[in-house]
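# Geometric and topological summary
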Amino acid sequence: MMIKHEADVVVIGGGAIGAAVTFFLAREGKKVTLIECNELASGASGANAAFAWTTTRKPGNPMEMALDSIEFYNNAFNELPIDIEYKRCGGLMLISTEEQIELLKPWVETRQKAGLTELRIIDHSELCQIEPFVAEQCIAATYNPLDGRINPMFLVLAFADAAKKYGAIIHEHTRVEKIIVKKNEIRGIITDKGEISAPYVVNAAGAYASEVGEMVNLQVPIIPNRMQLIVTEPLAPFIDRVMMGAEYVTAEDTKVEKIERGISDKEDAALIYSQTEKGNLILGSTTEFVGFNKCTTYNSIHSISNEIIKFMPSLYDTNIIRTFANFFPFTTDDDPILGNVEGLKGFIMAAGHNGHGIVHAASTGKIIMELIVYGETSLNFDINELNLSRFDKVVNT
Amino acid sequence: MRVLSHPILGDSYQSDKVKITVDGVEIEALQGEPIAAALLAAGICICRLTHKHKQPRGLFCGIGLCTDCMMTVNGKPNVRTCIEPVDNNMRIETQVGLGVIKRSE
């Protein structure tokens with residue numbers, strides 16, 4: 001079956017971001033077509049720790065977007081046809097050294113002022129009270145009751161199904177081959193299954209966004225950040241809250257260093273923990289920059305297991321049933337690339353969310369819709385802060 | 001039902017007799033045989049009840065893959081009894097639903 005039709009907007013990428021953008025535009029009455037080269041949620045949206053996590057978002061734009069999204073998820077049953085299993089179970093960031101506490105004190109304060117009013121540092125005895133399974137090594141933790149978990153696959157499918165009800169068209173197993181540009185304006189796309197003309201193209205291709213950028217001679221500085229994760233056998237409710245290690249914040253700066261060193265599957269793991277509705281634990285994780293190599297490695301799985309046992313020795317005998325890896329779309333400043341692109345009318349970026357795509361999906365969808373339909377966003381912050389032009393490497397020919 | 005004569009492993013399987021308890025009831029078993037073998041020999045077919053519908057499950061694949069024969073052994077949940085060897089005084093319990101992790105000290 002050959003595709004040939006006209007649309008108002010073509011969205012490239014069927015992950016959480018692409019599906020959300022499609023949903024919000026279709027709800028607003030736009031003719032939207034979503035193009036996905038594999039299946040919906042086949043990338044990072046279908047392979048992550050199922051967090052809806054606000055604590056680590058930066059004050060400003062990213063945090064406002066995260067808070068906006070979780071508000072949408074909390075009321076999603078009004079809008080979405082599938083239960084997305086969103087649960088505001090609270091999130092802990094486990095601290096194992098005094099040094100980390102000192103680093104995190106000012107970090108927590110700025111976030112409290114920026115809207116996470118209930119975020120606070122709790123000491124060891126309080127932690128033992130609320131999560132007795134967490135080990136002695138943990139001297140403190142940050143606690144944020146706003147954090148939670150979600151079923152990311154159901155989220156994508158729910159957005160897609162709801163979008164279809166509003167008339168959106170979704171083509172899976174369809175590959176974009178060319179983006180048609182005339183006089184610096186988007187005119188449509190050519191896929192391996194036919195042609196779609198449209199004045200807007202949204203690049204929501206996640207870790208592959210730079211490939212889409214190349215089609216219009218744009219350098220998009222998004223690189224794949226591999227994270228390996230473990231799935232265990234299902235257990236009775238164990239620890240309800242989602243948890244991560246403080247290393248994700250205190251060692252944040254080392255990421256760029258790692259890219260420069262060109263590393264590697266021998267990195268230390270830092271804790272990621274969540275328990276799905278079905279009872280399986282999702283445990284992680286490593287941060288690796290190895291290009292588009294989706295293998296899991298013995299070294300990483302081994303160091304993840306050790307990290308998990310360090311904090312939760314009771315899991316020593318628990319069986320691993322699967323391991324998987326994904327590519328988070330990594331940007332060097334950890335912020336997504338959103339909005340218009342200078343000199344290329346109709347090309348909109350919505351990628352580079354790194355590990356925050358799920359918690360940013362709803363608000364990204366809303367913002368991109370507002371940009372396309374109204375030309376401005378309802379954010380209290382300037383969306384242009386997140387434009388592609390903040391990276392000076394951009395070459396536009 | 002025990003394999004006491006095997007074309008490759010030989011005739012009479014020699015092993016010490018030991019005692020294990022299944023849901024509090026003592027049964028006789030052979031040291032080192034799979035727990036599931038001892039259970040079958042004692043006429044016990046149900047290893048666990050499923051999480052959602054509490055339906056009975058028992059020995060199915062017999063080679064440690066399907067997890068239908070999981071039981072709680074010495075307090076440890078999700079033990080595949082078809083590949084776990086018997087030891088003296090083992091405490092074996094029918095597992096109801098998902099495994100419950102106990103806190104290790």
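Above this text is the structure in question.
As a starting point, this report considers the structure included with it. (Residues numbered from 1 in each chain as written. Chains lettered and ligands numbered in written order. Predicted model: local features only at pLDDT ≥ 70, side-chain atom pairs only at ≥ 80, totals over all residues. Heavy atoms only, no water.)

## Points about the overall build of chain A
To keep it simple, the criterion reads: Only DSSP runs of H or I covering at least 4 residues are called helices, and only runs of E covering at least 2 are called strands; the numbering of each starts at the N terminus. Just to be clear, the radius of gyration here is over C-alpha atoms, and the globule rule we use is 2.2 Å times residues to the power 0.38. Type-normalised accessible area, obtained with a 1.4 Å probe on protein chains alone, sets the label of each residue: buried when under 20%, exposed when over 50%, and partly exposed for intermediate values. By definition in these notes, contact holds between two residues if any of their heavy atoms fall within 4.5 Å. The method behind every accessible area is Shrake-Rupley, applied with a 1.4 Å probe, and residues are considered shielded solely by the protein chains displayed.
Each helix and strand counted, chain A has 10 helices and 20 strands in total. Scaling as 2.2 N^0.38, a compact globule of 397 residues should have a C-alpha radius of gyration of about 21 Å, and chain A matches this with 21 Å. Dimensions along the principal axes, computed over C-alpha positions, put chain A at roughly 65 × 40 × 40 Å. Burial statistics for chain A: of 397 residues in total, 57% are counted as buried. The long-range fraction of contacts in chain A, counting pairs at least 24 apart against all pairs at least 6 apart in sequence, stands at 77%. On chain A, roughly 16,200 Å² of surface is accessible, and the fraction owed to carbon and sulfur atoms is 50%.

## Looking at empty space enclosed by the protein
Cut-off, in case you're wondering: Method remark: on a 1 Å grid restricted to protein atoms, a set of points is classed as a cavity if a 1.4 Å probe fits but cannot get out and as a pocket if it is open with protein on both sides within 12 Å along at least five of seven lines; lining residues have an atom within 4 Å of a point. Grid points are joined across faces, edges and corners, and a volume is the space filled by probe spheres set on the points. Think of it as three bins: nonpolar holds Ala, Val, Leu, Ile, Met, Phe, Trp, Tyr, Cys and Pro, charged holds Asp, Glu, Lys and Arg, and polar takes everything else, Gly as well.
The full count for this structure, using the stated rule, is one cavity of 30 Å³ or more. In this structure, the largest cavity spans a volume of roughly 30 Å³. Its residues assigned to classes, the lining of the largest cavity shows seven nonpolar, no polar and no charged.

## Things to note about the pattern of salt bridges
Residues and elements named next belong to chain A. We count it as follows: In what follows, salt bridge is the name for a side-chain nitrogen of Lys or Arg lying within 4 Å of a carboxyl oxygen of Asp or Glu.
One pass over the structure, following the stated rule, counts 19 salt bridges over all chains. Residue Arg88 is joined to Glu71 by a salt bridge in which the shortest nitrogen-to-oxygen separation is 3.8 Å. With a gap of 17 residues between them, Arg88 in the loop between α2 (61–74) and β5 (91–95) and Glu71 in helix α2 connect regions that are remote in the sequence. Taking relative accessible area as the criterion, Arg88 reaches 29% and is therefore assigned partly exposed. Notably, a salt bridge pairs Arg226 with Glu288, separated by 2.5 Å at the nearest N-O pair.

## A few points about the sheet that holds strand β11 (residues 185–191) of chain A
Residues and elements named next belong to chain A. Note the following rule: A pair of strands is treated as paired once DSSP finds two or more bridges between them. Axis definition: a line fit to C-alpha positions, over the contact stretch in the case of helices; interaxial angles, taken between N-to-C directions, run 0 to 180 degrees.
Spatial ordering of the open sheet is given by β1-β12-β11-β10, a layout of four strands whose pairing is mixed. The open sheet has two edge strands, β1 (3–6) and β10 (176–182), and neither has a second partner. Taken over all neighbouring pairs, the strand axes of this sheet differ in orientation by 15° on average, direction set aside. Two elements, β1 and strand β12 (residues 194–197), share four bridges in a ladder whose sense is parallel. In the sheet register, Ile3 faces β12, and the bridge partner there is Gly194.

## Some words on unusual backbone geometry
Between Gly284(A) and the following residue, Ser285(A), the backbone shows a cis peptide bond with an omega angle of -10°. In this structure, Ser285(A) sits in the loop between β17 (281–284) and α9 (298–311). Of note, the phi angle at Lys54(B) is positive, near 55°, even though the residue is not glycine. In this fold, Lys54(B) is placed in the loop between β3 (48–49) and β4 (56–57). Residues other than glycine seldom take positive phi values, yet Thr67(B) does so here, at roughly 65°.

## Here we look at the nonpolar core
Residue and element names in this part refer to chain A. Quick note on the threshold: Definition of nonpolar core: a set of buried residues of the types Ala, Val, Leu, Ile, Met, Phe, Trp, Tyr and Cys, connected through side-chain atoms within 4.5 Å.
The biggest cluster of nonpolar side chains holds 79 residues, and the ones touching the most others in it are Tyr73, Leu80, Ile84, Leu155, Phe159 and Val202. Ignoring any residue separated from it by four or fewer positions in sequence, one finds Phe159 in contact with Ala16, Ala19, Ala20, Phe23, Phe24, Phe72, Tyr73, Leu80, Ala361 and Ala362. In terms of nonpolar packing, the next biggest core, distinct from the first, is built from 27 residues, Ile179, Ala198, Ile337 and Phe391 among them.

## Focus: helix α5 (residues 152–165) of chain A
All names here are of chain A. The following threshold applies: Helix span, expected: 1.5 Å multiplied by one less than the number of residues in the helix. Residues adjacent in sequence count toward polar contacts only when both atoms are side-chain atoms; beyond that, a polar contact is any pair of N or O atoms within 3.5 Å, and within protein one must be able to donate a hydrogen and the other to accept it.
The end-to-end C-alpha distance of α5 is 20 Å, a good match for the 20 Å that 14 residues give at a rise of 1.5 Å each. Taken residue by residue, α5 has Pro152, Leu155, Val156, Ala158, Phe159, Ala160, Ala162 and Ala163 as its buried positions. Considering only its buried residues, α5 is in contact with α1 (16–27), α2, β9 (169–171) and α10 (357–374). N-cap assignment for α5: the residue whose side-chain oxygen lies 3.1 Å from the backbone N of Met153 is Asn151. Directly beyond the C-terminal end of α5, a positive phi value near 100° is found at Gly167.

## Quick notes on the layout of surface pockets
Residue and element names in this part refer to chain A. By volume, the second largest pocket amounts to about 520 Å³. Secondary-structure elements contributing two or more residues to the lining of the second largest pocket are α5, β16 (272–275) and β18 (320–330). Of the residues in the lining of the second largest pocket, the class split is 10 nonpolar, seven polar and five charged.

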